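Notes for the structure review
Residue strings, one per chain:
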Amino acid sequence: MSKILRHSVGEPAPPSADSGLDARATALRDGRQSAAVRARYRAMGFMTLSVALMFLLPLVVGASAYFWFLVIGVLLLSYSRFRGIEQGFPCVELCFIIPPSLSGYLFKLLPSARIPSVDELLLKFDANFFYPEALAGKFFQIHPAIPLFFGVVYWGIPLAGVLLYLALPNRAAVRRKYILTNAFTLLIFFFYRICPASGPRALIGTAFPNAIPNLAEAHARIIPHVALNAVPSGHFTWALIMFWFARRYCGNATKVAAGAFLLLTLIATLGKGEHYVIDLIVAAPFAAGVWALSGREWRLAIVSLSLTLLWCVALEKGWLLPVPRIAVWLLCTLTLAPFVPDPRVNLFSRAPL
């Protein structure tokens, strides 16, 4: 009776459970809308930053074909924020810009005018493989469209790296590992200094690929105005890392695309005269080493990078030049076997990466 009297004189009824649920749902919806608005503003800010970098990057890396592919990749990264893509780091655009920008300065530590190149030793060693770079170079001469296509493959590697990044599962941890792996590839400059070389086109000049010299007395010598970035191959390292990440994390279509890009990169590096065959072989343990560093697989990292160092020293000293061809093939097979097609299946890793 007292409850009826209180309601009759206008006292408010006690709140129901349904009204509490409605309030929480409204607050949750408002929070999501606010987060979406903030994410959109961040995306717009990073897109503005990317557009600004289009004008600033030429001052750092130069307005080359590589630069334009890098710019397209950075713009795609910024656009992906509008699509709700989880990023490995808050400013992932800089993670793709800083390594190539640093490379330009690190090359200044490798002046070809003062550091003797061992290109002659590498070319003589490549006789064990019957000079496939010359065969690929002659293939490029068949039609002008062929070197143009493979030039796009070669210089387009920063864009390919961004596309693989976006194709990874939408998890920040996976993308963070991918970025760290690529960042660790800057260690390659240490090996460039151990075994300085520039590639057959820099050594032979315009005679490549039609005239491969027979080097009876190979020795180190100065080749001015070239980049000493042959051993191990940076392009093949990046393509191999992309292939491994695709195999581990992506669907079949991305795996096939990454595998095709790896093969095309191999042909492009040889046909353009940028690398010797042994550069590509040494890239396998180096790529496995930086992959292992990002996954904290210390034993695999030590073994892989030590093997890379051993190859670089042996090539720079010419220790393997007197070795019979069949023994060279065996050494190269043993070098590749633990790491190709996937560094997770090897003798040194304790757990899947």
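Above this note sits the structure.
These remarks concern the structure in this document.

What counts and what doesn't
Residues numbered from 1 in each chain as written. Predicted model: local features only at pLDDT ≥ 70, side-chain atom pairs only at ≥ 80, totals over all residues. Heavy atoms only, no water. Axes fitted to C-alpha atoms, helices over the stretch in contact; angles between N-to-C directions. Helix = DSSP H or I, 4+ residues; strand = E, 2+ residues; numbered from the N terminus. Parallel < 35°, antiparallel > 145°, perpendicular 65-115°, else oblique. Left-handed = near helix turned anticlockwise from the far one by under 90°. Contact = heavy atoms within 4.5 Å. Nonpolar A, V, L, I, M, F, W, Y, C, P; charged D, E, K, R; others polar. Buried < 20%, exposed > 50% of the residue type's maximum accessible area, 1.4 Å probe, protein only. Polar contact = N/O pair within 3.5 Å; in protein donor to acceptor, adjacent residues only side chain to side chain.

Attention now moves to the packing of helix α8 (residues 145–155) against helix α14 (residues 252–271). Look at α8 against α14: their axes get within 9 Å of each other, and the N-to-C directions meet at 110 degrees. The angle between the axes of α8 and α14 places the two elements in the roughly perpendicular class. Seen along the crossing, α8 lies across α14 with a hand that is left-handed. Of the residues in α14, those in contact with F149, F150, V153 and Y154 of α8 are F261, L264, T265, I267, A268 and T269. Here the residues of the contact of α8 with α14 sort into 8 nonpolar, 2 polar and no charged.

One can find Y178 in helix α10 (residues 172–184). Of the residues examined, Y178 reaches a relative accessible area of 1% and is grouped as buried. With 10 residues separating them in the primary sequence, Y178 and L168 have C-alpha atoms 9.1 Å apart. Here Y178 is in contact with F96, G161, L164, Y165, L168, M242 and F245, once residues within four sequence places are set aside.

The next subject is the side chain of R175. Within the secondary structure, R175 sits in helix α10. A distance of 2.8 Å separates a polar side-chain atom of R175 from the backbone oxygen of Y165. Those residues in contact with R175 that lie beyond four places of it in its chain are I85, E86, G88, Y165, L166, L168, P169 and N170.

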